[in-house]
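Analysis of the macromolecular model
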Amino acid sequence: MKISVLMPSRGRPQMLQEAVASLHVNASGENEIEYVIGVDADDLETAAAAYMLKAADVPVRWRVAPRGPSLGNLVNELSLIAPADVYCSLCDDIVCETQDWDRQI
């Protein structure tokens, strides 16, 4: 199963990295998971955080664009660039503590 984790982020690069890392280390390895981060064009620190995750071999993709009209609009745009069987729209300030969280989905 393909899971796209859609995660808008702004101004919290460390929290973003911790959120994605917690999901990545707690995934079962049984599903194809991609973390898709929405970044505002004027937020270079968040873009750098996404790049650092990718450099650490985390399956991350990011979209950098001018800030849109709403958070929901951004989540919809992220879903269009990352087709999947299941979409998880999450915040950048979560910490996953559930081992094999993707199995529950």
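For the structure itself, consult the block above.
On a predicted model such as this, the values are computed, not experimentally measured, just so you know.

Take helix α1 (residues 13–26) next. Helix length check: α1, at 14 residues, gives a terminal C-alpha distance of 20 Å against a target of 20 Å (1.5 Å per residue), a fit within 8%. For α1, the set of buried residues is P13, L16, A19, V20, S22, L23 and N26. Against β1 (2–9), β2 (32–40), α2 (44–55), β3 (60–65) and α4 (101–104) lie the buried residues of α1.

The next point concerns the layout of surface pockets. The computed volume of the largest pocket comes to approximately 400 Å³. Along the wall of the largest pocket there are 23 residues; nearest its centre are P8, S9, R67, L71 and L74. Contributing elements (two or more residues each) for the lining of the largest pocket: β1, β2, β3 and α3 (71–81). Ranked by residue count, the leading element in the lining of the largest pocket is α3, at five residues. Partitioned by chemical class, the residues of the lining of the largest pocket number 10 nonpolar, six polar and seven charged.

On to the pattern of salt bridges, then. Across all of its chains, the model carries 11 salt bridges by this definition. Across the pair D42 and R10 runs a salt bridge whose closest N-O atoms are separated by 2.7 Å. Taken together, the residues span a long stretch of sequence, with D42 in the loop between β2 and α2 and R10 in the loop between β1 and α1 at a distance of 32 residues. Here the residues in one salt-bridge network are K2, E32, E34 and R61, joined through shared partners.

Scoring rules and cut-offs
Residues numbered from 1 in each chain as written. Predicted model: local features only at pLDDT ≥ 70, side-chain atom pairs only at ≥ 80, totals over all residues. Heavy atoms only, no water. Helix = DSSP H or I, 4+ residues; strand = E, 2+ residues; numbered from the N terminus. Expected span 1.5 Å × (residues − 1). Buried < 20%, exposed > 50% of the residue type's maximum accessible area, 1.4 Å probe, protein only. Contact = heavy atoms within 4.5 Å. 1 Å grid on protein atoms, 1.4 Å probe; cavity = no way out; pocket = protein on both sides within 12 Å on 5 of 7 lines; lining within 4 Å. Points joined across faces, edges and corners; volume = space filled by probe spheres on them. Nonpolar A, V, L, I, M, F, W, Y, C, P; charged D, E, K, R; others polar. Salt bridge = Lys/Arg side-chain N within 4 Å of Asp/Glu carboxyl O.

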